[in-house]
Amino acid sequence: MIQDPIEIRHLRYFLAVAGAGSFSRAADRLGISQPSISQQMRDLEAGLRISLFQRRGKRILLTAAGLIFQEHARAILHQMENFLDELSRDSVQLRGALHLGIVPWLDVALAARHPNVNLTVTEISSDDIETALEEGRLDVGLGFLTRHSPNLRYERLSSDEFALIVPAGHPWWNRRMVRLSELHQQRLLQLPRSFLVRRMADTICRTHQVRPRTVAEISAIETLLRSLAPLKAAALLPNVAQRGSTDLKAIRLRGKSLVLEMGILRLKDSSANSMVAAFTELAKAAVPKILGKRLQATGATNDESKQEP
């Protein structure tokens, strides 16, 4: 059992003496006095309760135990150097695991600035993202901002508007704008009411006193969009859902309360998590640019002044 703790300097001094074969030469190489290094080695042997050195004339050789200690001292110092290198790299390169929840239409490909972070992405609704964050199953989320939970921090990154998504061949394909009042009894495919976006769409319809004809409720956004053409229906969804497809068109709507906020969701006390903080900064820089390009491609304006009073 070691009586006193071994410090890093003990290992460095020991390896210097072993390599030089002399206390005086090791002291010269290290830039310290010979009595100091001799005392450090006596302290090391006393702490280990073993003899590390033996004298052969003027030369210092290692004992059998010293040879074993030399091997492990080199390994320990090597590991320490690697550890310090990783710490210095981790100022810009984080490592670990990050669980991200994201709504299906925000399939944003973020730059791999931190390749040592194991990123797990789960596509779920905004409501489920909030629940998973509060239950600790997610570290951070990207989705629509409800601002419902007092336990979460909501940070806006961009905004979007509800639009009418129609397939090629739809009677309104060539329209540039549709009034909300025109949606009464129109064929729509809808998400289930468990989705925040569906509940927002229902609120918009009630506000404008229209009742569309729901052809089907489909929980998978890709399946819903692929089903528009076969079922000859449209969808009341955010502009970004169109995703730049040439077979779909996002037609601007004229009406009230069409704007959605999109951004980052995380626990209020998550600021101490370095990976969440790094991801947040990356998302703040990347997501608005990516979504901006998508919304420009679909003709979205996000201009509330163009809505009906």
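The following refers to the structure shown. (Residues numbered from 1 in each chain as written. Predicted model: local features only at pLDDT ≥ 70, side-chain atom pairs only at ≥ 80, totals over all residues. Heavy atoms only, no water.)

### Some points on the overall build of the protein chain
Selection rule: We count a stretch as a helix when DSSP gives it H or I for four or more residues in a row; a strand needs E for two or more, and each element gets its number in order from the N terminus. Here the term buried applies to any residue with accessible area under 20% of the maximum for its type, exposed to any over 50%, and partly exposed to those in between, with areas from a 1.4 Å probe on protein chains only. We call two residues contacting when some pair of their heavy atoms lies within 4.5 Å. All accessible-area figures derive from a Shrake-Rupley calculation using a 1.4 Å probe, and residue coverage is judged against the displayed protein chains alone.
Helix and strand counts for the protein chain stand at eight helices and 12 strands. Residues classed as buried in the protein chain amount to 45% of the 309 residues present. Restricting the contact set of the protein chain to residue pairs at least 6 apart, pairs at least 24 apart contribute 71%. If you sum the accessible surface of the protein chain, you get close to 16500 Å²; carbon and sulfur atoms cover 50% of it.

### A short note on helix α7 (residues 221-231)
The following threshold applies: To be clear, the arc concerns the directions from the helix axis to the C-beta atoms.
Residues Ile221, Leu224, Leu225, Ser227 and Leu228 constitute the buried set of α7. Taken down its axis, α7 places every buried residue within 165° of arc, on the same side. In this structure, α7 carries Arg226 and Pro230 as exposed residues pointing more than 90 degrees from its buried face.

### What to know about the pattern of salt bridges
The condition that has to hold: Here, a salt bridge means any Lys or Arg side-chain nitrogen found within 4 Å of an Asp or Glu carboxyl oxygen.
All chains considered together, the criterion is met by 12 salt bridges. Among the ionic pairs, Glu135 bridges to Arg137, the shortest N-O distance being 2.8 Å. Of the charged contacts in the structure, one is a salt bridge between Glu182 and Arg175, with a shortest N-O distance of 2.8 Å. Arg175 sits in the partly exposed class, given a relative accessible area of 26%. Connected through shared salt-bridge partners, Arg193, Arg198, Asp202 and Glu217 make up one network.

### Side note on the nonpolar core
Where we set the bar: Here, nonpolar core means buried Ala, Val, Leu, Ile, Met, Phe, Trp, Tyr and Cys residues that are tied together by side-chain atoms lying within 4.5 Å of each other.
Ranked by internal contacts, the top residues of the largest apolar core, which has 48 residues, are Phe162, Leu164, Ile165, Leu224 and Leu237. Those elements giving two or more residues to this core turn out to be α5 (126-134), β6 (152-167), β8 (187-190), α6 (196-207), α7, β10 (235-238), β11 (248-254) and β12 (259-267). Ranked by residues supplied to this core, first place goes to β6 with seven residues. With residues up to four places along the chain from it excluded, the contact list for Leu224 reads Leu189, Gln190, Leu191, Ile218, Ala235 and Leu237. Leu11, Tyr13, Val17 and Met41 belong to the second largest nonpolar core, which has 22 residues in total.

### Focus: α6
Applicable threshold: A helix is expected to span 1.5 Å for every residue after the first.
Over its 12 residues, α6 runs 17 Å from end to end, which matches the ideal 16 Å to within 8%, given 1.5 Å per residue. Those residues of α6 not exposed but buried are Leu196, Val197, Arg198, Ala201, Asp202, Ile204 and Cys205. In this structure, the buried side of α6 is in contact with α5, β5 (140-144), β6, β8, β9 (213-217) and β10.

### A closer look at the packing of helix α1 (residues 8-20) against helix α2 (residues 23-30)
The test is simple: A fitted line through C-alpha atoms represents every axis, and for helices the fit uses only the stretch in contact; the resulting angles, taken between N-to-C directions, go from 0 to 180 degrees. Comment on the angle field: the value is read as roughly parallel under 35 degrees, roughly antiparallel over 145, roughly perpendicular from 65 to 115, and oblique elsewhere. Helix crossings fall into two classes, left-handed where the near helix is turned counterclockwise from the far one by less than a right angle and right-handed where it is turned clockwise. Asp, Glu, Lys and Arg are counted as charged, while Ala, Val, Leu, Ile, Met, Phe, Trp, Tyr, Cys and Pro are counted as nonpolar; the rest, among them Gly, fall into the polar class.
Running from N to C, α1 and α2 cross one another at 125°; their axes reach a closest spacing of 8 Å. Taken together, the axis directions place α1 and α2 in an arrangement best described as oblique. Viewed along their axes, α1 and α2 form a crossing whose handedness is right-handed. Here α1 contributes Tyr13, Ala16, Val17, Gly19 and Ala20 to the contact with α2, which in turn contributes Phe23, Arg25, Ala26, Arg29 and Leu30. Taken together, the residues that form the contact of α1 with α2 break down as seven nonpolar, one polar and two charged.

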